[in-house]
Structure formats: C-alpha cells, structure tokens
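Here is what each chain is made of, one letter per residue.
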Number of protein chains: 2
Amino acid sequence: MASDTLIARPPKLADAVSASLQDRISAGELVPGDRLPTEKQMCDRFGVSRAVVREAIARLKADGYVETHQGLGAFVAKDAGRTNFRLVAPGSAAGPVDLAQVFELRLVTEAGVAQMAALRRTREDLAAMRGPLAQMDEALRSGDQASEADDAFHRAVASATHNPLVERFMAFMNAQVRESRVPTWDHEGHALGRAAAAQAEHVAMFDAIAAGDAAAARRAAEQHLTAAASRLEMTIGGQEPTGRVTNAGE
Amino acid sequence: MASDTLIARPPKLADAVSASLQDRISAGELVPGDRLPTEKQMCDRFGVSRAVVREAIARLKADGYVETHQGLGAFVAKDAGRTNFRLVAPGSAAGPVDLAQVFELRLVTEAGVAQMAALRRTREDLAAMRGPLAQMDEALRSGDQASEADDAFHRAVASATHNPLVERFMAFMNAQVRESRVPTWDHEGHALGRAAAAQAEHVAMFDAIAAGDAAAARRAAEQHLTAAASRLEMTIGGQEPTGRVTNAGE
DNA sequence: GTTATCTGCTTGTCTGACAAGTTAGCCGCA
DNA sequence: TGCGGCTAACTTGTCAGACAAGCAGATAAC
C-alpha cells in the first residue's frame, strides 16, 4: 500500500510562492536586510490572491527567513536560516534521512554529553537516571518493552548537563532514533540478548557518571552507541565514513 | 541603544493562536494523527477571523507539526517536531539565545567531530584545512581580520568526517557564533594576543588531525573552545553549569 | 528651523463568498 | 438483502473587498 504510486497532486499555490521566494533568498539574490516586494506586487507577479501570498510569507516567517513589520514591509531576516536546523537539507529531494548519519551525529554529541554529565550531575540527576534504569531492569526480567524507559534514561543524562540547549538538542536527536529502539526491547531483542547488552551498557554509563569519571562516561557512551548501531546492523564511528561519500564529483 | 528597553508590542494574533496549538501538541494533548479542530471551530474558540487561524496553521505546517488535507481537515504530523531543531525553544519568551549555552553545545559536538575527523581525514581534507590555516597565519602578520578563514577552517574539519549531516549541523552551529569570532581578529584582538592564541590552538587541532591522533584532536578541540569562550569572558565546559539554571521554580 | 499634521503606502485583521476534495448516508434497483 | 451511484454536508483552498494600525516622507504652521 505504501508503495503505491502516489497520484500527482496539484501543488498548492502557497507552496510554489514560498519556494520561489526561498530560492531567491538562498541564491543570495535577496540578502539579509533587503526588502521583499510588497504583498500587492507579489499578487500581480504570481497572479494569486493576497491570502496565498500571506500564507507563503507566514511560512518563511516560521522558518526564520523573513521578518515583517506593519507599515514597513517584509524583510529578509538578519540571520536568515540560522534559527532552524532542518534534518533534511532544504531543497534536497525529500528522501528519508540516513539513519547511520543520524546515529553518528548522536554518537558525537552523546559522548560529549555523557562526559559533561559526569562532571555536573547532582544527586537529583542520578535519581532521575535510576528510575528508567530500574524499569529496564524489570523489563529485562519480564521480557517487556522498555524503549520508553530507554528514551527516558538518555533524557536524564542530557538533563544532567544542566544546559537547556544541550538538553533540547539531545531530545531532538533521541526522537530521531526512537523507532530504532524497539527491536532492542521486543521479543526477539530479549531472546537474542540485545536487551541485556543494551542494559549493561546503560549501567556502565550510569556508573561512570555517578562516579564523576568523565573519561569513562565518554567511553561508555561511545561504546553504547556503536554497539547499538551494530545491533541494528550498522557500522558507525570507525575509520570508514558511513555517509554516501560524494567526494568524487565535487 | 541596544540596551534601551523595547516597548512592549501587542502580540500578533496569529502568533498567539499558533503558540496555543503548539503547546497542546507539545504537551501531548494532541498526539500524532489526531485531527485538529476545524478552522471554523478555532475561529469561535479564539475569537479571531479565519485569516488569522489559517496563518497560524501555515506556521505549524512550516514547522512540520501539522499536515492539512483539503476536505479532510488538519492533523498532527506523524513526526511532529522531529524535522526541525529550533535554537530558541518554541513558545518561550523570544529572548536572545544564551551564547554560553551555544558555545557549550558546540564544545560537546566539535570535540567529537575533531576526534572523528582525525580518524577519517584524507589528504584532500588536510589540504582544505591548510588553506584557511595559511590565511590566518598571514592575517597574524598583517593584523587583518580573518574570521572568515576561521570559519572556513572549522568547516573543513567538519567536512573531514565525511558525514553530510554532521557537516551541516556544524555549519549551523558555526553560524551561531560567527559574530563572536570578530573580536578575536580585530585590532584589539591582535594587540592583546587573542588572535595568536586562537591560531596556536588551530594548529594544534590540525596537527592532531593530520597525525590521526583522535584523542589529541579531541583534547585540542576542547582546549580551543574553552579558551575561545574565556577570551569572550565566558566560562564553559567545567563543573559549573553555564545556563540560567531554573530548577528552583520548576 | 522646528514642530505638527497630513497623505499615501504597507502589513494586520475581518467578512463573505465560491471552488475543490472528502465522507457519510440516502435512494433506487436488482 | 445487497450493491452502486448520487447527493448533501462539511472541510480546506482560493478569491475579493474593506477597514484598522503602523510607518515614512511631504507639507503646512509656528
């Protein structure tokens, strides 16, 4: 069903208008500070109503590319495109994100986060980690799903950095790999020891963080993520790049 | 001038509506797949016109939180909020980003990136780093600005991971701190030795990456970022959290 | 010369209408 | 009864016109 060829839908007008404007901004044709054409001009230019133009501009505002000022006009934002990080490059063919690349970015960040958490964790932080950890222990015995607790454990680690931005970014990264945690904790995951292995790595991370051993926390996090990737039959973090290496062309 | 208290502006209606909806989604009150109230219902609910509601929804669509289907209604997107990372938490008072927090996130990531770059760099990657490095050397002698070359050096390091996602994310993070590189390379920066210190750290990073010494590359990157922060009179990365710790209230 | 006002332009908001797409149910028919 | 097609109701998409609010520059008054 999912593989049925989707019938081509007539593109929404607002999509076309906002894409056109975004192209002109990305191409440098409009530089930060520049004023966009007025809504009326765009209506004439694109042959659409003001409602469509306003919706297109609303989208660019949401993306941080444009700022509007009543009575003045719309302007290319000073830091156009610097407020948002999109997982898929804007403009690229909307292919699915490469999970190996995501895992690798997570490896890079989570290791540093664990290191920082080891230096800063408070008693409360450690308590917040013990909860999910115990849930996963329990799931190990009962054979239950515990991907939610898994998620919570990693959130607790990030929270121990006491840096809200780091915390939010790690939550973002974790959300990307949420589905990939399921096979660790499903029936087969328990049977094949994937769950037990993951939990052992969690405990190693926790122990290092609790001990305040930054280097050990980093190693434990690295070990956990590379192992998790290999459980998903990916290879990351090594000497070989995982991404589609496109050096040849350019 | 910048410190003048900005007069409070009446919030735009569409902002309020979209914030309200986003809150309900973030709070889990509306889960992916749920249908949003119809536009007409929202008009009654919020006491605004349909134009305002549509603009609010357009914003949420741009952020990837909702999808709309003509004739069907608006729905919470399957991966709501997972396609975008916003530097400022959506819904929070739009205060400026805390530069210390940004620096710390960059510290966490860039150290890991340098480590990975040391393992994967090719001859071409090293050549791409030598260019900006030489430019900065030249600027050291001439007293010129070289923040652009500084930026390029860090881009080249990220590029050596051969992971496009990592590369794009580091570009994003670098863009955040672009302005903060200026005082390193301005007249005072040269005079007070900030430029020379930064360049020495760059060279240390490069040497470690060129030697393929992952641990040394990591340490050099950490050293560079903590030193850069302290040149800006920030303290990051240590045992003390940098963020506005708001644990007390909630 | 300085201040106050006016005018025109721009975005923000409201209202009403129709087009296009979907769902559900009704109706007629075999 | 079971089925097919049709209609009606509802939803989002688009259009048009209007007024309010905010801003800049020109104009008039002092």
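Residues numbered from 1 in each chain as written. Chains lettered and ligands numbered in written order. Predicted model: local features only at pLDDT ≥ 70, side-chain atom pairs only at ≥ 80, totals over all residues.

**Concerning the overall build of chain A**
- Along chain A, the regular secondary structure elements total eleven helices and three strands.
- Counting helices and strands in the order they occur from the N terminus, chain A gives α-α-α-β-β-β-α-α-α-α-α-α-α-α.
- Taking all 250 residues of chain A together, 40% fall into the buried category.
- The long-range fraction of contacts in chain A, counting pairs at least 24 apart against all pairs at least 6 apart in sequence, stands at 64%. (Helix = DSSP H or I, 4+ residues; strand = E, 2+ residues; numbered from the N terminus. Buried ≥ 20, exposed ≤ 12 C-beta atoms within 10 Å, placed from the backbone. Contact = placed C-beta atoms within 7 Å.)

**Brief notes about the interface of chain B and chain A**
- Each partner contributes to the interface: chain B provides 42 residues, whereas chain A provides 42 residues.
- Contributions of two or more residues to the side of chain B that touches chain A are made by α3 (50-62), β3 (84-86), α4 (99-120) and α7 (164-176) of chain B.
- Counting residues per element, the side of chain B that touches chain A draws most heavily on α4(B), at twelve residues.

**Concerning the nonpolar core**
- Among the nonpolar cores identified, the biggest contains 86 residues, and Ala114(A), Val157(A), Ile209(A), Ala114(B), Val157(B) and Ile209(B) are the most heavily contacted of them.
- Those residues within four positions of Val157(B) in sequence are excluded, and the remaining contacts are Val113(B), Ala114(B), Ala117(B), Met129(B), Met205(B) and Ile209(B).
- Ranked by size, the runner-up nonpolar core spans 38 residues in total, among them Tyr65(A), Val52(B), Ala56(B) and Tyr65(B). (Core = buried A, V, L, I, M, F, W, Y, C linked by C-beta atoms within 7 Å.)

**Points about the relation of the copies chain B and chain A**
- Placing chain B over chain A gives an RMSD of 1.3 Å and needs a rotation angle of 180°, together with 0.6 Å of translation along the axis. Taken together, the rotation and translation describe the operation of a two-fold axis. Of every C-alpha in chain B, the one belonging to Phe85(B) sits nearest the axis of rotation, 1.9 Å from it.
- Of the interface residues in chain B, 100% have counterparts in chain A that sit at the interface too, so the contact is made through matching surfaces. (Least-squares fit on C-alpha atoms with pLDDT ≥ 70 in both.)

**Concerning the pairing of strand β2 (residues 73-76) of chain A**
Residues and elements named next belong to chain A.
- Burial along β2 is one-sided: the face carrying Ala74 and Val76 is buried and the face carrying Gly73 and Phe75 is not.
- Both strand β1 (residues 66-69) and β2 contribute to a ladder of four bridges, which runs antiparallel. Residue pairing across strands places His69 opposite Gly73, the latter belonging to β2.
- Counting the residues in the hairpin turn of β1 and β2 gives three residues, including Gly71, whose phi is positive at 90°. (Pairing = 2+ DSSP bridges.)

**Overview of the domain arrangement of chain A**
- Each assigned domain of chain A is listed with its residue range as follows: domain 1 (13-76) and domain 2 (99-231).
- If you average the C-alpha positions of domain 1 of chain A and of domain 2 of chain A, the two centres end up 43 Å apart. (Domains from an automatic or database assignment.)

**Some thoughts on the environment of Ala210(A)**
Residues and elements named next belong to chain A.
- Its place among the elements puts Ala210 in helix α10 (residues 194-211).
- Taking the number of C-beta atoms within 10 Å as the measure of exposure, Ala210 has 16 and is therefore partly exposed.
- For the pair Ala210 and Gln41, spaced 169 residues apart in the sequence, the C-alpha separation amounts to 62 Å.

**Digging into α3(B)**
Residues and elements named next belong to chain B.
- The first and last C-alpha atoms of α3 sit 18 Å apart over 13 residues, in line with the 18 Å expected at 1.5 Å per residue.
- Where burial is concerned, most of α3 is hidden: eleven out of the 13 residues are buried.
- By the burial criterion, the buried members of α3 are Val52, Val53, Arg54, Glu55, Ala56, Ile57, Ala58, Arg59, Leu60, Lys61 and Ala62.
- In the segment just after α3, Gly64 is the residue with positive phi, at about 80°. (Expected span 1.5 Å × (residues − 1).)

**Some thoughts on the protein's contact with DNA strand C**
- As a matter of local geometry, DNA strand C sits amid 21 residues, with Thr38(A), Thr68(A), Leu13(B), Ser49(B) and Gly71(B) nearest to it.
- Broken down by secondary-structure element, the contributors of at least two residues to the surface near DNA strand C are α2 (39-46) and β2 of chain A together with α1 (13-26) and α3 of chain B.
- Among the elements that make up the surface near DNA strand C, the one with the highest residue count is α3(B) (three residues).
- When the residues that make up the surface near DNA strand C are grouped by side-chain class, the tally is eight nonpolar, eight polar and five charged. (Near = placed C-beta within 6 Å. Nonpolar A, V, L, I, M, F, W, Y, C, P; charged D, E, K, R; others polar.)

**Here's the deal with the protein's contact with DNA strand D**
- In the vicinity of DNA strand D, 21 residues are found, and the nearest of them are Leu13(A), Ser49(A), Gly71(A), Thr38(B) and Thr68(B).
- Here the surface near DNA strand D is built from residues that sort into eight nonpolar, nine polar and four charged.

**Here's the deal with the environment of His162(B)**
Residues and elements named next belong to chain B.
- Summarising the element assignment, His162 is placed in the loop between α6 (147-159) and α7.
- Residue His162 is classed as buried on the basis of its C-beta count, with 23 C-beta atoms lying within 10 Å.
- For the pair His162 and Thr122, spaced 40 residues apart in the sequence, the C-alpha separation amounts to 9.6 Å.

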